[in-house]
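Structural features, examined
The primary structure of each chain is shown beneath.
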Amino acid sequence: MMMHKRKPTLSSIVIYAALIAFVLFCILPFALVLSSSFSDEEALKEYGIGFFPREFSLEAYRYAFQYPDDILNAYGVTVFVTVVGTVLNLLLTVLIAYPLSKQDFRWRRPMSFYLFFTMLFNGGLVPTYLLLKNYLHLYDTIWVLILPLLIVPGNVFIMRVFFQGVPRSLYESAVIDGAGEWTMLFRIGIPLSKAGIATVTFFIILLYWNDTFTGLLFLEDPKLTPLQLLLNQLVNYVQYVQQNAVVSGGMISAADLPDKSLMFAMCVIATGPMLFVFSFFQKYFVRGLTAGALKE
Amino acid sequence: MKKTMSKSKKRSMLHGKSDRRLLLMSSPALIKIFVFSYLPMVGIVIAFQDYKPRTGFLSEFVGFDNFRYLIASSNFYRILFNTLFLNILFISTGLIVAVVLGLFLFEVTNKRFLKISQTTFFFPYFISWALAGMILLSMLDSAGFVTALIEKMTGETVAFYMESKYWPLILTLVNAWKMGGVSGIIYYTTLMNADRSVYEAADIDGANRWQKMRYISVPYLKTMIFVLTIMSFANIIHCDFNMIFFTTRNSGPLFPTTDVIDTYVFRALSQDGDFAIAAAIGLFQSVVGLVFSVAANRISKRFEPQSALF
């Protein structure tokens, strides 16, 4: 049992109230999505979305699971991109962060600048678009979702901070034992920077899982549509149906399709599981965010 | 003497070997960065050309014509103003929300409450902007929660996706929702490293909670506030494309207050096929961004030497 040392004072009431208000501000919008996905479509249109389902109904989920092809395909694309992308991305990040963490590496400074400069200046969207499309021929391929995101300079610098935390004496004694750089990286650097690896891995997973922009610009093939893009297309479709129903004076009945509730049901199906997984990783996240804000 | 010479020679040889190995190790990343970040810089020439897809990079050079066209168009000032204005709104409100949350979290003694509140602060941060846009839709759409609430209270139906005047406020709230909690946690974690004995000394002197916040916690956070704010100002010419695009749903009537450089470039490229103009704005943005970053770094160096980025 908690011991209460003092009675709640006015100041603690103010502090707790403000924090509870922000907690509610953060989660209540999610409750709206959840409740509308379990609502009856007609009731939604009549009374609007609320925090509790309007006339509880599973119709939207029934409809979503009736034609699961699109969503399963999108899940497949996103999982593939996230897994392959994360493995490659992490490998490249570690392989450059480790040399950058070595104080006596001759190319350390020029290489860090080479990396850092891309954070300060870039060619802009148009040249990048033309390069990927016309010269690298990545348009409408799965690799366009993976390759351009491969190295994030910020992640390299976070990883470097963790590698620098490894005591130099360990490397020195390994050198005496005749260990090369590769051995030192995989036997000493990586095992002693597990927290850093976890942090960066999570940043990368989030990057690939949530990427919508690349697909928006580079994909036409519906088979390659990732999850986030599918959600966006769904909203566009629902709005299109609604507009046309209005334009044609209700000749087309949009009521046949539980569009609003279906849209939010898809939302829950598409993101629910991952949001659950993400919340387990948050402690690494805090560490990464603070490491990223500090220098060297 | 001779012995030490050979030893140092051996050392430098070993060093050369390990330098080469380290270089080899980083080469995949170096090549990737070259191809995807440095090669596109060559494409900047498009900004000075009358770009035609058929002739590509060999299109006719027109000097600064694209820039002249830009400066003459009213769109340019609109997107420039929106980009700067929205960013200033986001930075100022974000800072206040984050610092207050950080200070308040630091005062919480109940471990369970701390844990639950931190977990919920992360929810908005974890999700994609595509999903965040859908969540906003559940509030502002024709059947949305907020729309229905306003209708119930005033009898008026507000079509949020048609009325640009509400959007600076909406986007500010969305930004605070998505980023405020996590930035607050950064400040909270910073405070956790503060020297506890200072607080104990203040207790003995009879300082109350607000006084300790004002005179111990806030000064302790000063460096972090400075670093994070100056970094945001360095990025003031860039607005998160995904945020604007997916929350406004690319709705034309909202452009007067929500169209920013990044969304304009996207449309010029993907909808209008106006490559040269898009490239010109992109270059303008990159150059201004570079200037702001260098300036921000100068300022950091001057006031907080250890916070300089480069």
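Residues numbered from 1 in each chain as written. Chains lettered and ligands numbered in written order. Predicted model: local features only at pLDDT ≥ 70, side-chain atom pairs only at ≥ 80, totals over all residues. Heavy atoms only, no water.

**A look at the overall build of chain B**
- Secondary structure summary: chain B contains 13 helices and 0 strands in total.
- Along chain B, from the amino end to the carboxyl end, the secondary structure elements read α-α-α-α-α-α-α-α-α-α-α-α-α.
- By the compact-globule yardstick of 19 Å for 310 residues, chain B is too spread out, its C-alpha radius of gyration being 26 Å.
- Overall size of chain B, expressed as C-alpha extent along the three principal axes, is 90 × 75 × 30 Å. (Helix = DSSP H or I, 4+ residues; strand = E, 2+ residues; numbered from the N terminus. Rg over C-alpha atoms; globule rule 2.2 N^0.38 Å.)

**Overview of the overall build of chain A**
- A tally of regular secondary structure across chain A gives 14 helices and 0 strands.
- In sequence order, the secondary structure elements of chain A are arranged as α-α-α-α-α-α-α-α-α-α-α-α-α-α.
- Surface accessibility of chain A: about 14600 Å² in total, with carbon and sulfur atoms responsible for 66%. (Areas by Shrake-Rupley, 256 points an atom, 1.4 Å probe, with all protein chains shown as cover.)

**Focus: the domain arrangement of chain A**
Residue and element names in this part refer to chain A.
- Each domain of chain A was delimited in the assignment, giving domain 1 (10–57) and domain 2 (64–293).
- Domain 1 and domain 2 are separated by 30 Å when their C-alpha centres are compared.
- In this complex, domain 1 contributes 11 residues to the contact, which on the side of domain 2 involves 12 residues.
- Counting each side, the surface lost to burial between domain 1 and domain 2 is near 800 Å², with a carbon and sulfur contribution of 70%.
- Put simply, domain 1 and domain 2 have 0 salt bridges between them.
- Run the count over domain 1 and domain 2 and you get 0 residue pairs in polar contact (both at pLDDT 80 or more).
- The element that contributes the greatest number of residues to the side of domain 1 that touches domain 2 is helix H1 (residues 10–37), accounting for 5 residues. (Domains from an automatic or database assignment. Contact = heavy atoms within 4.5 Å. Buried area = accessible area lost by both parts, 1.4 Å probe. Salt bridge = Lys/Arg side-chain N within 4 Å of Asp/Glu carboxyl O. Polar contact = N/O pair within 3.5 Å; in protein donor to acceptor, adjacent residues only side chain to side chain.)

**Looking at the nonpolar core**
- Counting 180 residues, the largest nonpolar core has Leu19 and Ile96 of chain A together with Phe121 of chain B as its most contacted members.
- Among the elements that line this core, the one with the most residues is helix H4 (residues 69–101) of chain A, at 13 residues. (Core = buried A, V, L, I, M, F, W, Y, C linked by side-chain atoms within 4.5 Å. Buried < 20%, exposed > 50% of the residue type's maximum accessible area, 1.4 Å probe, protein only.)

**Some details on a nonpolar patch on the surface**
All names here are of chain A.
- Where nonpolar side chains cluster on the molecular surface, the patch consists of Ile20, Leu24, Leu28, Phe51 and Phe52 and spans about 450 Å² of accessible area.
- Within the secondary structure, Leu24 is located in helix H1.
- Its relative accessible area of 39% is what places Leu24 among the partly exposed residues. (Patch = residues over 30% accessible without salt bridge, like charges linked within 9 Å, V, L, I, M, F, W, Y side chains within 5 Å.)

**Here we look at the side chain of Ser251 of chain B**
- Position of Ser251 of chain B among the secondary structure elements: in the loop between helix H10 (241–248) and helix H11 (255–258).
- Separated by 2.8 Å, the side chain of Ser251 of chain B and the backbone oxygen of Tyr161 of chain B make a polar contact.

**Some words on the packing of H1 of chain A against helix H9 (residues 209–234) of chain B**
- The contact between H1 of chain A and H9 of chain B brings their axes to 9 Å, and the two run at 60°. Facing Ser11, Ser12, Val14 and Ile15 of chain A of H1 of chain A, the residues of H9 of chain B in contact are Arg209, Trp210 and Met213 of chain B.
- Each residue belonging to the contact of H1 of chain A with H9 of chain B can be placed in one class, and the counts come to 4 nonpolar, 2 polar and 1 charged. (Axes fitted to C-alpha atoms, helices over the stretch in contact; angles between N-to-C directions. Nonpolar A, V, L, I, M, F, W, Y, C, P; charged D, E, K, R; others polar.)

**Observations concerning the confidence of the model for chain B**
- For chain B, the average pLDDT comes to 88, and 94% of its residues sit at 70 or higher.
- Here residues 1–5 of chain B is modelled with pLDDT under 50, and outside its nearest four sequence neighbours on either side it reaches 0 contacts, counting other chains as well. (pLDDT = per-residue confidence, 0-100.)

**Regarding the interface of chain A and chain B**
- On the chain B side, the residues contacting the 95 residues of chain A number 97 residues.
- Overall, the association of chain A and chain B removes approximately 8600 Å² of surface from exposure, summing both partners, and the carbon and sulfur fraction of that is 78%.
- It is Leu19, Tyr114 and Phe121 of chain A in chain A that bury the most area against chain B; as a group they hold 8% of the surface buried on that side.
- Counting across the chain A and chain B interface gives 0 salt bridges.
- Per-element accounting of the side of chain A that touches chain B gives the leading share, 17 residues, to H1 of chain A.
- Here the side of chain A that touches chain B is composed, by residue class, of 66 nonpolar, 22 polar and 7 charged.

**Side note on the pattern of salt bridges**
Residue and element names in this part refer to chain B.
- Counted by the stated rule, this structure contains 7 salt bridges over all chains.
- Among the ionic pairs, Arg78 bridges to Asp259, the shortest N-O distance being 3.3 Å. Of the two residues, Arg78 sits in helix H3 (residues 74–107) while Asp259 sits in the loop between H11 and helix H12 (261–270), which places them 181 residues apart along the sequence.
- On the basis of relative accessibility, which here comes to 0%, the residue Asp259 falls in the buried class.
- Between Arg209 and Glu107 there is a salt bridge whose closest N-O contact spans 3.2 Å. One end of the pair, Arg209, is in helix H9; the other, Glu107, is in helix H3, with 102 residues separating them in the sequence. The burial state of Arg209 is the same as that of Glu107; both residues are buried.
- Members of the salt-bridge network, linked through shared partners, are Arg78, Asp259 and Arg267.

**A short note on H10 of chain B**
All names here are of chain B.
- Most of H10 sits out of view: 8 of its 8 residues are buried.
- Residues Phe241, Asn242, Met243, Ile244, Phe245, Phe246, Thr247 and Thr248 constitute the buried set of H10.
- Capping the start of H10 is the job of one residue whose side-chain oxygen sits 3.0 Å from the backbone nitrogen of Asn242: Asp240.
- Two residues or fewer past H10, Arg249 is found with a positive phi of approximately 55°.

**A word on the side chain of Ser128 of chain B**
- Its location among the elements puts Ser128 of chain B in the loop between helix H4 (111–126) and helix H5 (129–140).
- Leave out the neighbours within four places in its chain, and Ser128 of chain B touches Asn210, Thr212 and Gln228 of chain A.

**Thoughts on the state of the cysteines**
All names here are of chain A.
- Counted by the stated rule, this structure contains 0 disulfides over all chains.
- Considering cysteine sulfurs only, Cys267 is the nearest to Cys26, which forms no disulfide, with 17 Å between them.
- Of the residues examined, Cys26 reaches a relative accessible area of 0% and is grouped as buried. (Disulfide = S-S within 2.5 Å.)

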